[in-house]
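Spelled out, the chains give:
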Amino acid sequence: MALQGPEELGEQVEEPEELDDQDASSISPAEEITLPPGPGGDEEPGRTLLLPWDRFSTWLHCICVVGFDLELGQAVEMTQTECDLVDVFFQKTSICYLSFPDSNSGCLGDTQFCFRFRQGSNRKSSLSCFLETTDRDAPPCLKREQGHYYGYVYFRQVRDKSLKRGYFQKSLVLISKLPYVTFFHSLLKIMAPEYFEKQEPCLEAACNDIDRWPTPHPGRILTLPIMGVVIKVRIPTCYDKPGTSQLVQSSDSLVSIVLPTIHEVDLFRCFYPVFFHIQMLWELVLLGEALVVMAPSPAESSDTVLALASCISPLRYSSDFRPYFTIHDSEFKEYTTRTQAPPSVILGVTNPFFAKTLQHWPHIIRIGDMKQAGEMAKQMKVKKLKNLKTLDSKPGVYTAYKPYLNKDEEIIKQLQKGVQQKRPSAAQNAILRRYFLELTQSFIIPLERYVASLMPLQKSISPWKSPPQLRPFIQQDFMKTLEKAGPQLTSRLKGDWIGLYRHFLKSPNFDGWFRNRRREMMQKLEALHLEALCEEDLQQRIEKHTEVESVDLVLKLKDKLVQAEKDQLPVRPGTLTKLKSHIDAVILALPEDLQGILHKPSTP
């Protein structure tokens, strides 16, 4: 008899590093909520006790106000919620510089953009288990960041003769692990103008509003009141059909804003300056190539980087990306060194200094001011890198890269026709998003089909043997499948698909995708093994074994139960409850002294 837990199937899944602990001192009594059903549909009511600031922490890590000090330069003036993040010097410095546009950007008025930076502390939150539960149904691109934070910025710069500098300059910044770009930008449009007018008391009120919000659980339609305004949103799930959105309808007169998406940027607007090269850019992102976007402002820089990272959806972009990157960033030296090849990262920059510093990078996208959708973009050839001397160089794509696939003229003609006919920007965006989705799906389906074939047959699963192992991914075997079941079945594009796959299999995006698929398949094997065990007559089996063997069986079953709950295995509803009853029945068949010992809960 060889019962084994998931740890014997291979590598373990690293638990995501979640939000740091919040200071809950001097606060009102706790509030108890009931979580959704646990793994396998088993009800686990009241498992989590949420304290004040805990609900806030499921949405945001903290809120910062960054101003300009004549002696210190950019400085954090205040934060809402006490947290370790701004107490770490280099992170505090990064936030300060990332929250302001470069001086050359000339951003007058109000500007919104976002940035992303590494998490410095590895501390886990007391909310970790709860957050993992709410996160498990999220699509890959919307899961909480494990090692990074997002900063969502609303920057205001206006003339003010009463100030020595002559300008009022301040940023309101939301720090979060959630990649809900559209949602947080919409939230800032409500909060920031109010804050700049009424200052700190209004920010405290906003934080209290957020701390009353329901948690961002995928699949739910949420009504979120904030500063007298009500936002209605739906958090997508991994079960949604790719390329579709379940529109949130609202007949409620109290709802002020209905957001059709929480995270999608306008792809057509972002790619418009270089849309003759969209297919090549898709290849570069798919392959995890080092890319830098040189833009005139942080808003255009961050939007373009986010558009690039999302153009391979539903595949998750697994490398690093920085929507807005400055020379003060803690990774500046790491990312600009010439002693080694540029890393797999997409950088968005606005400082002219980068034109020289990143001249050795293989792929550079230079964009000018983003045109209105009604203006026709000019046909631009791919330019040689040696022609890029300064940030003032002409807009275009500077690279020596030769695409694997033939250029798709149809999508270019379709988008150009839309511009000529003044097709609404939303429609142009939908066309481009659908094009990228179908291209990515055509590419990934053969991989999905091959990886599914690595799964052992269900009939090979025996309850009294260790779960069978997944067969290894063999590149040559996969390549052989492409002849009859390759992307040509779903895509009209011709070209060197084989070469594209060979390159992709060496990329971080393949590594991230395969790790995730392998983990899912291993968990499915464990789930099937657990379900097979539950169908066995354990009472009859223990009658044929000694007392020691029966105790050993109980201990192993309890370990499997703990591991199943921890890994949230995809078992049939009621499976875990059935397993618990099996364990209890086996224990009751043992002597009373052993029953007392074995009824003690297992230690995870």
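Fair warning: this is a prediction, and the values are worked out from it, not measured in the lab. (Residues numbered from 1 in each chain as written. Predicted model: local features only at pLDDT ≥ 70, side-chain atom pairs only at ≥ 80, totals over all residues. Heavy atoms only, no water.)

A.B. asks: Would you mind showing me how to read the overall build of the protein here?
C.D. replies: Along the backbone of the protein there are 19 helices and 15 strands. Split into buried and exposed, the 604 residues of the protein put 54% on the buried side. Long-range pairs, those at least 24 residues apart, make up 74% of the contacts in the protein between residues at least 6 apart in sequence. Taken as a whole, the protein presents about 28,100 Å² of accessible surface, with 51% of it coming from carbon and sulfur. (Helix = DSSP H or I, 4+ residues; strand = E, 2+ residues; numbered from the N terminus. Buried < 20%, exposed > 50% of the residue type's maximum accessible area, 1.4 Å probe, protein only. Contact = heavy atoms within 4.5 Å. Areas by Shrake-Rupley, 256 points an atom, 1.4 Å probe, with all protein chains shown as cover.)

A.B. asks: Please explain the packing of aromatic side chains as it appears in this structure.
C.D. replies: The full count for this structure, using the stated rule, is 41 aromatic pairs. Taken together, Trp282, Phe443, Tyr450, Phe473, Phe478, Tyr501, Phe504, Phe510, Trp513 and Phe514 form an aromatic cluster joined through their ring pairs. The ring of phenylalanine 321 has arginine 116 lying over it, and the distance from NZ or CZ to the ring centre is 4.1 Å. (Phe/Tyr/Trp six-rings, centres within 6.5 Å; stacked < 30°, edge-to-face > 60°. Lys NZ or Arg CZ within 6 Å of the ring centre and 35° of its normal.)

A.B. asks: Would you mind showing me how to read the sheet that holds strand β10 (residues 257-258) here?
C.D. replies: Paired through their backbone hydrogen bonds, the strands of a sheet run either parallel or antiparallel. Within the open sheet, the three strands sit side by side as β8-β9-β10. Their pairing is mixed. The sheet is open, and its two borders are formed by β8 (221-226) and β10, each paired with just one other strand. Where β8 meets strand β9 (residues 229-234), six bridges bridge the pair, whose relative direction is antiparallel. Each residue of the ladder has a partner; that of proline 225, found in β9, is valine 230. (Pairing = 2+ DSSP bridges.)

A.B. asks: Would you explain the sheet that holds strand β3 (residues 62-69) in this entry?
C.D. replies: The strand order across the open sheet built from five strands is β4-β3-β7-β6-β5, with neighbouring strands paired in antiparallel fashion. Each edge of the open sheet is held by one strand with a lone partner, namely β4 (73-80) and β5 (109-118). For this sheet, the mean angle separating the axes of adjacent strands, direction not counted, is 25°. Sheet topology places strand β6 (residues 148-159) next to strand β7 (residues 167-176); 10 bridges connect them, and they run antiparallel. Looking across to β7, one finds that tyrosine 152 is bridged to leucine 174. Each of β3, β4 and β7 is contacted by helix α5 (residues 200-210), which is oriented at about 50° to β4, the strand it contacts most. (Axes fitted to C-alpha atoms, helices over the stretch in contact; angles between N-to-C directions.)

A.B. asks: What exactly am I supposed to notice about the pattern of salt bridges here?
C.D. replies: Any two side chains of opposite charge can pair, on the condition that their charged atoms come close. All told, the structure shown has 24 salt bridges when counted by the stated rule. For arginine 515, the salt bridge goes to aspartate 511, with nearest N and O atoms at 3.1 Å. Within this pair, arginine 515 and its partner aspartate 511 are both found in helix α15 (residues 508-534), separated by four residues, close to a single helical turn. According to the relative accessible area criterion, aspartate 511 is partly exposed, its value standing at 40%. One continuous salt-bridge network, built from bridges that share partners, spans Arg116, Arg118, Glu145, Arg316, Asp320, Arg322, Asp329, Glu331 and Glu334. (Salt bridge = Lys/Arg side-chain N within 4 Å of Asp/Glu carboxyl O.)

A.B. asks: Would you mind going over the pairing of β7 with me for this structure?
C.D. replies: The side chains of a regular strand alternate between the sheet's two faces. Counting buried residues in β7 gives nine out of 10 residues, a clear majority hidden from the surface. Examined bridge by bridge, β3 and β7 share six bridges and lie antiparallel to one another. Paired with valine 65 across the strands is leucine 172, a residue of β7.

A.B. asks: Please clarify how the pairing of strand β13 (residues 345-349) should be interpreted in this entry.
C.D. replies: The buried fraction of β13 amounts to five of the five residues, a majority that puts the element mostly inside the structure. Side chains Val345, Leu347 and Val349 of β13 all project onto a buried face; the interleaved residues Ile346 and Gly348 project onto the opposite face, where all are buried too. Bridge count between strand β11 (residues 291-294) and β13: four bridges; the pairing is parallel. Bridge pairing links methionine 294 to valine 349 in β13. Strand direction decides the pairing type here: strand β12 (residues 320-322) and β13, joined by three bridges, are parallel.

A.B. asks: I keep staring at the nonpolar core and nothing clicks. Help me out?
C.D. replies: The nonpolar side chains of soluble globular proteins are, as a tendency, buried together. Membership of the largest hydrophobic core comes to 113 residues, with the highest contact counts inside it found for Trp59 and Phe183. Excluding anything up to four places from it in sequence, phenylalanine 183 contacts Trp59, Trp213, Leu224, Ile231, Val233, Leu259 and Ile262. (Core = buried A, V, L, I, M, F, W, Y, C linked by side-chain atoms within 4.5 Å.)

A.B. asks: Would you take a moment to explain helix α13 (residues 475-485) for this structure?
C.D. replies: Residues three or four positions apart in an α-helix share a direction because the helix packs 3.6 residues into each turn. Those residues of α13 not exposed but buried are Phe478, Met479, Leu482 and Ala485. All buried residues of α13 project into a common sector of 140° when viewed along the axis, lining one side. Opposite its buried face, α13 presents the exposed residues Gln476, Lys480, Glu483 and Lys484, each directed more than 90 degrees away. Buried residues in α13 make contact with α12 (425-452) and α14 (497-504). (Arc of directions from axis to C-beta.)

A.B. asks: Would you mind going over unusual backbone geometry with me for this structure?
C.D. replies: Most peptide bonds adopt trans geometry, and most residues besides glycine take a negative phi value. Following serine 313, the chain continues to proline 314 via a peptide bond in cis, the omega torsion being 10°. Looking at the element boundaries, proline 314 is found in the loop between α8 (298-310) and β12. The backbone of lysine 422 shows a phi angle near 55°, a positive value even though the residue is not glycine.

A.B. asks: For this particular structure, what's the right way to read the packing of α12 against α13?
C.D. replies: Relative orientation and spacing of two packed helices are given, respectively, by the angle between their axes and the distance between those axes. It is the contact of α12 with α13, at a shortest axis distance of 10 Å, that shows an interaxial angle of 125°. Taken together, the axis directions place α12 and α13 in an arrangement best described as oblique. As α12 runs across α13, the sense of the crossing is right-handed. Facing Pro446, Leu447, Arg449 and Tyr450 of α12, the residues of α13 in contact are Asp477, Phe478, Thr481, Leu482 and Ala485. The residue inventory of the contact of α12 with α13, partitioned by class, reads six nonpolar, one polar and two charged. (Parallel < 35°, antiparallel > 145°, perpendicular 65-115°, else oblique. Left-handed = near helix turned anticlockwise from the far one by under 90°. Nonpolar A, V, L, I, M, F, W, Y, C, P; charged D, E, K, R; others polar.)

Don't take any of this as a statement about function, it's just geometry.
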